Each structure stands twice: as structure tokens, then as C-alpha cells.
Amino acid sequence: MRFYRSQQLIRQDLEAHIYSQAMLANVSGLKNLCKGETKFCAVIKANAYGHGISETVNILKKADVDFFAVASIYEAIHILGMVKKQSILILEPINTTYSPDQVAICARKGIHCVLSSSEDLDFVSETLSTGKSVLKVHVNIESGMGRNGLDAELASELIERIDRCPNTSLAGVYTHLATADEEDLSYAYVQLEKFNKFLDENSIRDREEVLIHAANSAATIKIPESHFDMVRCGIAMYGYYSRQMPDPPVKLTPAMKLQAPIVKLKNIVAGDSVSYGRSFIPGKDTTVAIVPLGYADGYWRSFSNRAKMKVGDSVVSVVGRVCMDQVLIDVTDVPNVAVGQMVTIIDNDHRSPCGAYALAELAGTICYEIPICVHSHVNRIVH
Ligand SMILES: *Cc1c(COP(=O)(O)O)cnc(C)c1O
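Residues numbered from 1 in each chain as written. Predicted model: local features only at pLDDT ≥ 70, side-chain atom pairs only at ≥ 80, totals over all residues. Heavy atoms only, no water.

J.: In this structure, what is going on with the overall build of the protein? I would like to understand it.
T.: Per the secondary structure count, the protein includes eleven helices and 17 strands. Expressed along its principal axes, the backbone C-alpha trace of the protein runs to roughly 80 × 50 × 35 Å. Classification of the 383 residues of the protein by burial places 54% in the buried group. Long-range contacts, defined as pairs at least 24 residues apart, comprise 67% of the intrachain contacts of the protein with a sequence gap of at least 6. For the protein, the exposed area adds up to about 17400 Å²; of that, 49% sits on carbon and sulfur atoms. Distance between charge centres in the protein, computed from 38 positive and 43 negative side chains, equals 7 Å. (Helix = DSSP H or I, 4+ residues; strand = E, 2+ residues; numbered from the N terminus. Buried < 20%, exposed > 50% of the residue type's maximum accessible area, 1.4 Å probe, protein only. Contact = heavy atoms within 4.5 Å. Areas by Shrake-Rupley, 256 points an atom, 1.4 Å probe, with all protein chains shown as cover. Lys, Arg positive; Asp, Glu negative; His and termini not counted. Charge placed at Lys NZ, Arg CZ, Asp CG, Glu CD.)

Following this line, the structure appears as C-alpha cells:
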């Protein structure tokens, strides 16, 4: 099976600075909101929300992290060799598109998997029936997210079958909250009530080996009743509140800053146009700088003529259309501007005009999507 391209390109000029101290402090801040015995699951899907999956696993080795959660078996296998003391949980339910080898690897290596139907259990038990290995499985209870969860009755039946199957053992029961990041938490509490009912009716709390979990970042921060045995944090670990909070109980610091150099300076005479579509025509003579990054690298085209960047301490405007791999900024007022000077494209400061919140607002999206879009060929430099 082919997991890797033979030559992975790294663009050395595009620098995503990853700050270990910030990430580690975010993890301890989040853990401090929980009881001492609550386990911490670091969610590192989507290339660790753009921060680099290998880099992030390496940084978090120094933290008190119990689990790494990934989206797919591919990421699980990718980090297997790097992970020693933590467990790995694959969030996407195991399904019949897995090859028998993949199921066997999960069982043999102790990778925790989600099971979401009887058919999938049939497939797993058949695949493993010739050997002795036991797959650790988690069951996702539908409490209102409306995605991968199983309704209570089906979940109880599945758990009974898992208990009877010699090649599976129940390692977790969990749910996922749909609105923990919203101001109105009433729906989240309704979900928790349903989940608690399931736990009680099925005596899950009496089973010491079964981890109960429900909280994402927002719930970890705002809903202590959702912590159970383990919290699953993604965005907060990277330094962002799912939604900006006026008075947060934990201080989070963004763990990424994206920079690239000015590669060319150019004078535009008043009335001349800049870039595709001639969307920027300055009324006065203007100095623009070219930065060698564009929408192919994860810098959204919708930032055209709208976003800010920083050159030193000066805040500058993106002018004209963002191209595939180039973008122009107005540096007329930047003192001593020079080729080679670094430009901050995504800032590691919540209040910055080019922080992920400001950019997300411009793009009409949530802060998650800003670092996640930073292309994997951008050099991750760990500090
Ligand atoms: C992605 C994901 C998380 C992490 O969510 P954040 O809001 O980034 O903390 C937690 N649980 C599940 C099931 C997820 O898919």
C-alpha cells in the first residue's frame, strides 16, 4: 500500500513558526480546568490543525497527554512509531472499507477504534477471529450531534455484542456536543442529560476499564459537567477559543505564526492597476511588495483587498487579488522597507489585525479553518 509520496516538497521560504511553549502552556491550562485524574486527549487530526502532525506529536511528548486522536487509520499508522506512552484513538468509525491488515494493525498495536454498527463489528470479529489479538473499541452515543452516534438502544445492543466477542473489548463510551461553542449552552446540557441517562441505564460508570468522554475544547473550558474521564481538545490546544470569549477561565496563546519574505518591491504610478481583474487602482503613487504565497498555500482568495499583514510593526493592506502563489501588499508607509524582510501573514496574537480570528471573520468562517489551510509544504519550524 502506498502511504507516502517519494519526495515531499518543503518550501523553505514559507515559515510556519510553531511555538512549543505556547502549546504546552495551553495543554496545562486546559488540564488545570479539569480534575487531577481526568485524562487528556490531544486532537491532532488535519495535520494537527495545520501545525504539523509530527511536529505536534513531538512537542506533546513533553506534556501530560494520555491520548492522541486522529481522523483516520492513515494518520494513526503515520504517528505509530513516534508515540510511546500515549494511546491513539481513531475518530472515524472503523468500517468495511478497511483492509483486514488495517484492522489487524489496530488490534495488535492497541490503537483504539470507534465501532458504529453491528455490521462493522461482524467485519472486525471475522477479520480477527483467526488470531488472539483484541481490538479496543469506543462506542459513540447519539445525544444530539446527528453524525456518527448510535441511538441508545442500538448502542446497548452493540455493547452487549462487543462484550461477547472474544476479539473486541469495550474501552470507551462517548458522545460529541454540537453547540458547546455557542453562548447558549442549553442544548449541550440536554445532550449531556441524554448521555448520562445512557451511562446509568447501561451501568457504564461501574466499568473501570471503560473511558467515558464527551468534551471538546469549548466544553472543556465552559462545561465542567462534561469532563467525565477524559477531555478531547483540539483548537484550544493550538491557542484558540472555538469562539472568542470576553472573560475566559484559561489563557490560551496561539502556537503558530506564518511568515514569508518580501521578494520584490515595485512602484505603482497613480492610476495603474495591480493584479488580476484590476481590482486595486491607487489614487497616488504607491510602493507594493510581493510576498510569494497565495491561495495555493492556504491564503484565501477572499482576502483580496481586505486582509492585513504586518511588516515589522507596521500594519499593511493586501492590495489587489490574491493570486495562486503570490500576494501584493501596500508598503508605501513602511519605513526602510526592503527585499528579504519578513512579513507576518497569520499572527500569533488574538487581537492582531492578521490573527486567525480577524482572518476568519473576513473569510466568513471559524478560526479553525485559518491555520488548517496552511499547506503541508509550508516549512514548520519548531521553537
Ligand atoms: C475534532 C473533534 C474534537 C476536537 O474539537 P475542538 O473543538 O477542536 O476541541 C473532539 N471530539 C471529536 C469527536 C472531534 O471530531
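J.: Sorry if this is basic, but what is going on with the pattern of salt bridges here?
T.: For side chains of opposite charge, pairing can occur when their charged atoms come near one another. Going through the model one piece at a time under the given rule, you end up with nine salt bridges. Across the pair Lys-31 and Asp-64 runs a salt bridge whose closest N-O atoms are separated by 3.7 Å. Taken together, the residues Lys-31 in helix 1 (residues 20–32) and Asp-64 in the loop between helix 3 (53–60) and strand 3 (67–70) connect sequence positions 33 residues apart. Judged by its relative accessible area of 51%, Asp-64 is exposed. (Salt bridge = Lys/Arg side-chain N within 4 Å of Asp/Glu carboxyl O.)

J.: Mind showing me how you'd approach the sheet that holds strand 3 here?
T.: What holds strands together in a sheet is hydrogen bonding between their backbones, with the strands either parallel or antiparallel. Here eight strands make up a closed barrel; going around it, the order is 2-3-4-5-6-7-8-9 and the pairing parallel. Across the sheet, the mean angle separating the axes of adjacent strands is 30 degrees when strand polarity is ignored. Here helix 8 (residues 186–201) sits on the sheet and contacts strand 7 (168–174) and strand 8 (211–215); the angle it forms with strand 8, its principal contact strand, is near 175 degrees. (Pairing = 2+ DSSP bridges. Axes fitted to C-alpha atoms, helices over the stretch in contact; angles between N-to-C directions.)

J.: It is not clear to me how the environment of Leu-211 should be interpreted in this structure. Could you clarify?
T.: Relative to the helices and strands, Leu-211 resides in strand 8. Apart from residues no more than four positions distant in its own chain, Leu-211 is found in contact with Lys-39, Phe-67, Ala-171, Gly-172, Val-173, Asp-229 and Met-230.

J.: Teacher, can you tell me more about the nonpolar core here?
T.: One broad rule of soluble globular proteins: the nonpolar side chains tend to lie buried together. Membership of the largest hydrophobic core comes to 124 residues, with the highest contact counts inside it found for Ile-44, Leu-60, Ile-79, Val-173, Tyr-299, Ile-329 and Ile-345. Looking at which domains feed residues into this core, each of domain 1 (20–238) and domain 2 (256–382) gives three or more. Contact partners of Tyr-299, with chain neighbours within four places excluded, come to Leu-293, Gly-294, Ala-307, Lys-308, Met-309, Val-318, Val-322, Val-327, Ile-345 and Leu-359. Ile-268, Phe-280, Ile-290 and Val-319 belong to the second-largest nonpolar core, a separate cluster that totals seven residues. (Core = buried A, V, L, I, M, F, W, Y, C linked by side-chain atoms within 4.5 Å. Domains from an automatic or database assignment.)

J.: Looking at this structure, I do not really get the site of the ligand. What am I missing?
T.: Inspection of the region around the ligand gives 13 residues, with Lys-45, Tyr-49, Ser-217, Arg-232 and Tyr-368 positioned closest. Here Tyr-49 contributes a side-chain N or O atom positioned 2.6 Å from an oxygen atom of the ligand. Between the ligand and the protein, one listed contact pairs an oxygen atom with a side-chain N or O atom of Tyr-368 at 2.6 Å. Taking 390 Å² as the accessible area of the ligand by itself, protein coverage stands at 92%. When its residues are assigned to classes, the shell around the ligand shows six nonpolar, four polar and three charged. (Near = heavy atom within 4 Å. Polar contact = N/O pair within 3.5 Å; in protein donor to acceptor, adjacent residues only side chain to side chain. Nonpolar A, V, L, I, M, F, W, Y, C, P; charged D, E, K, R; others polar.)

J.: Just to check I follow, could you spell out a negative patch on the surface for this structure?
T.: Taken together, the side chains of Asp-151, Glu-153, Glu-157 and Glu-160 make up a negatively charged region of the molecular surface. The exposure class assigned to Asp-151 is partly exposed, which follows from its relative accessible area of 47%. (Patch = residues over 30% accessible without salt bridge, like charges linked within 9 Å, V, L, I, M, F, W, Y side chains within 5 Å.)

J.: Sorry, what's going on with the packing of aromatic side chains here?
T.: How two aromatic rings sit relative to each other is given by the distance of their centres and the angle of their planes. Applying the stated criterion across every chain, the model contains six aromatic pairs. With a centroid separation of 5.6 Å and 90 degrees between ring planes, the pair formed by Tyr-240 and Tyr-357 is classed as edge-to-face. With a gap of 117 residues between them, Tyr-240 in the loop between strand 9 (230–233) and strand 10 (256–261) and Tyr-357 in helix 10 (residues 356–363) connect regions that are remote in the sequence. Through a chain of ring-to-ring contacts, the aromatic side chains of Tyr-49, Tyr-238 and Tyr-368 assemble into a single cluster. (Phe/Tyr/Trp six-rings, centres within 6.5 Å; stacked < 30°, edge-to-face > 60°.)

J.: Quick question: what am I supposed to make of empty space enclosed by the protein here?
T.: Any empty space left between atoms is shown by rolling a water-sized probe over those atoms. Evaluation of the coordinates by the stated rule reveals one cavity of 30 Å³ or more. By volume, the largest cavity amounts to about 30 Å³. Forming the boundary of the largest cavity are Asn-140, Ile-141, Glu-142, Ser-143, Met-145, Gly-146, Arg-147, Asn-148, Gly-149, Thr-175 and His-176. Here the lining of the largest cavity is composed, by residue class, of two nonpolar, seven polar and two charged. (1 Å grid on protein atoms, 1.4 Å probe; cavity = no way out; pocket = protein on both sides within 12 Å on 5 of 7 lines; lining within 4 Å. Points joined across faces, edges and corners; volume = space filled by probe spheres on them.)

J.: Explanation requested: the sheet that holds strand 17 (residues 378–382) in the structure shown.
T.: Strand order in this open sheet of nine strands is 11-12-15-14-13-16-10-1-17, and the pairing throughout is mixed. This sheet does not close on itself; its edge strands, each paired only once, are strand 11 (264–268) and strand 17. Each strand axis lies, on average, 35 degrees off the axis of its neighbour in the sheet, ignoring direction. In this structure, strand 1 (residues 11–18) lies alongside strand 10, joined through four bridges in antiparallel fashion. If you follow Ala-16 over to strand 10, its bridge partner there is Leu-258.

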